[in-house]
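Chain residues, written in single-letter form:
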Amino acid sequence: MNNNNPSEAGGDKDLFFVSLNPLAPVTVVMLHVIFSSHLEWVHIWPKLSEYHLMIPDLPQHSRSRHVKPFSFELAADLIADLIRTHAHDGKAHLVGMSTGGYIALEMVRRHPDVVQSAYVSGVSYLMNGWQALSLRYPKIMYLGLTAMLNTPSAMLLKATGWATNLQNEELLREIRKNTTASLSTSGVGDTQRYCREDVVETGRRNKRVAVVAGGKQDHIEGAHEIGRLLRSMGSGGPGGGEDTRTFVVKNGIHVWNLQYPEVFAQSVRAWIEGYPMPMALDMLEDSPN
């Protein structure tokens, strides 16, 4: 079932996506960070070969660049359509990093029928530090990122924490092409508007969600608050919202899937299968054991 040469699909009006291990019985959809592409997951997908993996380029990104304008809502609707058409039994576990995490939560809210569980990292409606500044001044974020992407790669690695041995030149080229003022404005705008009421509505769908924060760069209390809200809105029964948990990755950067791919894959598998999380992830205290 392990297939490192994924099949590809996507029409003129559809999202591009790759599909791996199509004979595996359980589908997992993986959603990337803003400005990135499906290549963000290239170090992860060989480590999850027991799952059918569907990995799209989000709207206005890479080979889905023709699908626009970008929004959480459009992405959620189109990915839900992909799941209904291509996933086993029309359902999938969702894995989302940062922007992809918000989209996964939006999918739970808008399309709970296609979601088995969700694993989201780098999400918060409470912001501080560099994240708050990025939301307040999207043009400065765009200009700063553009400048950094056009400097020697060592500077990018130092600024982001992206592991040197995992750097992917093809992904870097895609990030450079995807980093536009238009996408920066629309992506930041959706993040700015994301609020407590959105989390409450998502919680009412009663889905099991892992909320994860990178310990070095993410707003831990913001992630914790999302986890608390989702869990408080859940009802009883296995697999429901009461099983939501919040975790912190020791020494994790914001995009820690590009830092610790082995641990990331292990934690996704543990969440889907109900195993204990890897030791690198600490469960926050008010998540019940």
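Remember, predicted model here, so these are calculated numbers, not experimental data.

Asker: I'm lost on helix α8 (residues 196-203) in this one. Help?
Answerer: An α-helix turns once every 3.6 residues. As a result, residues three or four positions apart point the same way. For α8, the set of buried residues is Asp198, Val199, Val200, Thr202 and Gly203. In this fold, the buried residues of α8 make contact with α2 (99-110), α7 (181-193) and α9 (220-233).

Asker: Any chance you could explain the packing of α2 against α8 here in plain terms?
Answerer: How two helices sit against one another is set out by the angle between their axes and by the gap between those axes. Where α2 contacts α8, the two axes come as close as 8 Å, and the packing angle between them is 55°. Considered as vectors, α2 and α8 are oriented oblique to each other. Judged by the twist between their axes, the crossing of α2 over α8 is left-handed. Taking contact as the criterion, the partners of Leu105, Val108 and Arg109 in α2 are, on α8, Asp198, Glu201 and Thr202. Of the residues in the contact of α2 with α8, the class split is two nonpolar, one polar and three charged.

Asker: Sorry, what's going on with the pattern of salt bridges here?
Answerer: Any two side chains of opposite charge can pair, on the condition that their charged atoms come close. On inspection of all chains with the given rule, the structure shows 13 salt bridges. The salt bridge involving arginine 205 is made with glutamate 201; its shortest N-O contact spans 3.6 Å. A single salt-bridge network, built from bridges that share partners, covers Asp77, Glu106, Arg109 and Arg110.

Asker: Help me out: how do you make sense of the pairing of strand β2 (residues 17-20) in this one?
Answerer: For a regular strand, the rule is simple: side chains alternate between the two faces of the sheet. By the alternation rule, side chains of β2 split into Phe17 and Ser19 and Val18 and Leu20, which are all buried. In the sheet, β2 pairs with strand β4 (residues 52-56) via four bridges, with the strands oriented antiparallel. Note that in β4 the partner of valine 18 across the bridge is isoleucine 55.

Asker: Explain the pairing of strand β3 (residues 27-31) here, please?
Answerer: Burial runs high along β3: five of the five residues are buried. The alternating pattern of β3 places Thr27, Val29 and Leu31 and Val28 and Met30 on opposite faces, both of which are buried. One ladder, built from three bridges, connects β3 with β4; its direction is parallel. Among the inter-strand pairings, valine 29 is bridged to a residue of β4, identified as methionine 54.

Asker: Looking at this structure, how should I read the UniProt feature "transmembrane region" (unreviewed entry) in the protein?
Answerer: In the numbering adopted here, UniProt assigns the feature "transmembrane region" (unreviewed entry) to residues 15-35. What you have in residues 15-35 is 0% helix and 43% strand, and the ends, taken at the C-alpha atoms, are 15 Å apart.

Asker: So what exactly am I meant to see when it comes to the side chain of glutamine 259 here?
Answerer: Residue placement: glutamine 259 occurs in the loop between β8 (245-249) and α10 (261-273). Here tyrosine 260 takes part through its side chain, which lies 3.3 Å from a polar atom of the side chain of glutamine 259.

Asker: Looking at this structure, how should I read the side chain of histidine 219?
Answerer: Note that histidine 219 resides in the loop between β7 (209-214) and α9. Since its relative accessible area comes to 14%, histidine 219 is described here as buried. In terms of polar contacts, histidine 219 uses its side chain to reach the backbone amide nitrogen of glycine 222, at 2.9 Å.

Asker: Hey, could you run me through the nonpolar core in this one?
Answerer: Among soluble globular proteins, nonpolar side chains are generally buried collectively. If you look at the biggest cluster of nonpolar residues, it comprises 84 residues, and the most contacted ones within it are Ile79, Tyr119 and Trp256. With eight residues, the single largest contributor to this core is helix α1 (residues 72-86). For tyrosine 119, the contacting residues outside a window of four places in its chain are Leu94, Val95, Gly96, Ala210, Val212, Trp256, Phe264, Ser267, Val268, Trp271, Met277 and Leu281.

Asker: Looking at this structure, how should I read the packing of aromatic side chains?
Answerer: A complete count under the given rule lists seven aromatic pairs for this structure. Judged by centre distance (6.2 Å) and plane angle (90°), the rings of phenylalanine 70 and phenylalanine 72 are edge-to-face. Judged by relative accessible area, which is 3%, phenylalanine 70 ranks as buried. Under the relative-accessibility criterion, phenylalanine 72 is labelled buried at 4%. Ring centres of tryptophan 256 and phenylalanine 264 lie 4.8 Å apart, and the angle between their planes is 55°; this geometry places the pair in the tilted category. Assessed through its relative accessible area of 0%, phenylalanine 264 is described here as buried. Through a chain of ring-to-ring contacts, the aromatic side chains of Trp41, Tyr119, Trp256 and Phe264 assemble into a single cluster.

Rules used throughout
Residue indices follow the written sequence of each chain, beginning from 1 at its first position. Reporting of local features is limited, given that this is a predicted model, to residues whose pLDDT is at least 70; pairs of side-chain atoms are given and counted only at 80 or more, and all residues count toward the totals for whole chains, interfaces and linings. In computing side-chain values, all of the structure's heavy atoms are included and hydrogens and water are not. Buried, partly exposed and exposed residues are distinguished by accessible area as a fraction of the type maximum, computed with a 1.4 Å probe on protein chains only: under 20%, between the cut-offs, and over 50%, respectively. Numbered from the N terminus, helices here are DSSP runs of H or I no shorter than four residues, and strands are runs of E no shorter than two. We call two residues in contact when some of their heavy atoms are within 4.5 Å. Every axis corresponds to a line fitted to the C-alpha atoms, with the helix fit spanning only the stretch in contact, and the corresponding angles, defined between N-to-C directions, vary from 0 to 180 degrees. Roughly parallel covers angles under 35 degrees, roughly antiparallel covers those over 145, roughly perpendicular covers 65 to 115, and oblique covers all other angles. Rotating anticlockwise by less than a right angle from the far helix to the near helix defines a left-handed crossing, while the corresponding clockwise rotation defines a right-handed one. Each residue is assigned to one of three groups, with Ala, Val, Leu, Ile, Met, Phe, Trp, Tyr, Cys and Pro labelled nonpolar, Asp, Glu, Lys and Arg labelled charged, and all others, Gly among them, labelled polar. The rule for a salt bridge is simple: a side-chain nitrogen of Lys or Arg has to be within 4 Å of a carboxyl oxygen of Asp or Glu. Pairs of strands are assigned from DSSP output, requiring at least two bridges between the strands. UniProt positions are given in the numbering used here, feature names are shortened, and annotations may be inferred rather than shown by experiment. Contacts described as polar in this section are N or O atom pairs within 3.5 Å, which, within protein, must combine one atom able to donate a hydrogen with one able to accept it, while residues neighboring in sequence count only if both atoms come from side chains. To define a nonpolar core, start from buried Ala, Val, Leu, Ile, Met, Phe, Trp, Tyr and Cys residues and group those joined through side-chain atoms within 4.5 Å. To pair, rings of Phe, Tyr and Trp, with the six-membered ring standing in for Trp, must have centres within 6.5 Å; the planes then decide the type, stacked if under 30 degrees apart, edge-to-face if over 60, and tilted in the middle.

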